[in-house]
Amino acid sequence: AQTVTQSQPEMSVQEAETVTLSCTYDTSESDYYLFWYKQPPSRQMILVIRQEAYKQQNATENRFSVNFQKAAKSFSLKISDSQLGDAAMYFCAYRGGGDYKLSFGAGTTVTVRA
Amino acid sequence: GAGVSQSPRYKVAKRGQDVALRCDPISGHVSLFWYQQALGQGPEFLTYFQNEAQLDKSGLPSDRFFAERPEGSVSTLKIQRTQQEDSAVYLCASSWRQGPTGELFFGEGSRLTVL
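None of the values given here were measured: they were computed from a predicted structure.

**Q** How would you explain the nonpolar core if you had to name every residue and give the values?
**A** Counting residues in hydrophobic clusters, the biggest one holds 25 residues, and the most contacted among them are Tyr25(A), Trp36(A), Phe75(A), Leu77(A) and Tyr90(A). At the level of elements, strand E3 (19–21), strand E5 (32–39), strand E6 (46–52), strand E8 (64–69), strand E9 (74–79), strand E10 (88–96) and strand E12 (108–113) of chain A are the ones that each hand at least two residues to this core. Tallying contributions element by element places E10(A) first for this core, with 4 residues. The residues touching Tyr25(A), leaving out its near neighbours within four places in the chain, are Thr3(A), Val4(A), Tyr32(A), Leu34(A), Phe68(A), Gln69(A), Lys70(A), Lys73(A), Ser74(A), Phe75(A) and Tyr94(A). Of all hydrophobic cores here, the second largest spans 20 residues; its members include Cys23(B), Leu46(B), Phe65(B) and Cys92(B).

**Q** Outline the pairing of strand E7 (residues 65–68) of chain B, listing residues and values.
**A** All names here are of chain B. What you see with E7 is a clean split: Phe65 and Ala67 sit on the buried side and Phe66 and Glu68 on the side with no burial. The pairing of E7 with strand E8 (residues 75–79) spans 4 bridges and is antiparallel. Bridge assignment links Phe65 to a residue of E8, and that residue is Ile79. Once E7 ends, the chain turns through 6 residues before running back antiparallel as E8, passing Gly72 with a positive phi of about 75°.

**Q** Any details on the interface of chain A and chain B? Residues and values, ideally.
**A** Listed as interface residues are 20 residues of chain A and, on the opposing side, 28 residues of chain B. At the junction of chain A with chain B, the criterion picks out 1 salt bridge. Lys101(A) is the partner of Asp56(B) in a salt bridge, and the nearest nitrogen-oxygen pair spans 3.3 Å. Mapped by element, the contributors of at least two residues to the side of chain A that touches chain B are E5 and E10 of chain A. In terms of residue class, the side of chain A that touches chain B is built from 10 nonpolar, 6 polar and 4 charged.

**Q** Break down the environment of Lys70(A) for me, with residues and values.
**A** All names here are of chain A. With respect to the helices and strands, Lys70 occurs in the loop between E8 and E9. The class of Lys70 is partly exposed, set by a relative accessible area of 33%. For the pair Lys70 and Tyr54, spaced 16 residues apart in sequence, the C-alpha to C-alpha distance is 9.2 Å. The residues touching Lys70, leaving out its near neighbours within four places in the chain, are Tyr25, Ser30, Tyr32 and Ala53.

**Q** Describe the layout of surface pockets, and please don't skip the residues or the numbers.
**A** To locate leftover empty space, one rolls a probe as large as a water molecule over the atoms. Put simply, the largest pocket is a space of about 450 Å³. As for the largest pocket, its lining consists of 24 residues, of which Ser103(A), Phe104(A), Pro43(B), Glu44(B) and Phe45(B) are closest to the centre. Where the lining of the largest pocket is concerned, the elements lending two or more residues are strand E1 (3–5), E10 and strand E11 (103–104) of chain A together with strand E4 (31–37) and strand E5 (44–50) of chain B. Ranked by residue count, the leading element in the lining of the largest pocket is E10(A), at 3 residues. Space inside the second largest pocket adds up to approximately 340 Å³. Around the second largest pocket sit 19 residues that line it, and Gln39(A), Gln37(B), Leu39(B), Gly40(B) and Arg111(B) are the ones nearest its centre. At 3 residues, strand E11 (residues 110–114) of chain B tops the list of elements feeding residues into the lining of the second largest pocket. In terms of residue class, the lining of the second largest pocket is built from 10 nonpolar, 7 polar and 2 charged.

Parameters at a glance
Residues numbered from 1 in each chain as written. Chains lettered and ligands numbered in written order. Predicted model: local features only at pLDDT ≥ 70, side-chain atom pairs only at ≥ 80, totals over all residues. Heavy atoms only, no water. Core = buried A, V, L, I, M, F, W, Y, C linked by side-chain atoms within 4.5 Å. Buried < 20%, exposed > 50% of the residue type's maximum accessible area, 1.4 Å probe, protein only. Helix = DSSP H or I, 4+ residues; strand = E, 2+ residues; numbered from the N terminus. Contact = heavy atoms within 4.5 Å. Pairing = 2+ DSSP bridges. Salt bridge = Lys/Arg side-chain N within 4 Å of Asp/Glu carboxyl O. Nonpolar A, V, L, I, M, F, W, Y, C, P; charged D, E, K, R; others polar. 1 Å grid on protein atoms, 1.4 Å probe; cavity = no way out; pocket = protein on both sides within 12 Å on 5 of 7 lines; lining within 4 Å. Points joined across faces, edges and corners; volume = space filled by probe spheres on them.

Shown next as structure tokens:
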């Protein structure tokens, strides 16, 4: 089974500043997908960003970007210009190329200070 | 519907009671997943349906857990003789595509508390 590790239980960021969330994973596969999900208090998981392992270019979605280091098996999320609405729990997730199950990390709680 | 709908949002059960949690996926979505999320943890896979076929139930913790999707749309997760360790949020997700591709859309979950 794949292991996804998020080593930061909590992160705090000042509004308009940048915060980076860490994620490492363990796999022997060469074809896979990585995801960052946001879970606000409403509990609904929302996809933030997705990265295909075969793509060398880092994915970006507006204020969200990733730093994908395949050799190091690292997949960090950068939130730029943090907004109060970014406060939530963020989960890193892995899915094998031929698989349908997601393996999630334990999550990082992000608080945004006004 | 506009999104994945789950009910009830909150359920309190006494140890030993049976519970049923319902998931109404987005109309037309072929794939349906159940995940269990313990407090402060990431979700863990329970089971996967493609239409009405349950293709994978390897994540179900015990034979007290049973899931069905008889007509390929609404799904029910049933837990018999609930135990305190069953307390968790149960998330349902659906996707319009078969197999590994396709974005997952999650519901808001059903929080089960077993006393």
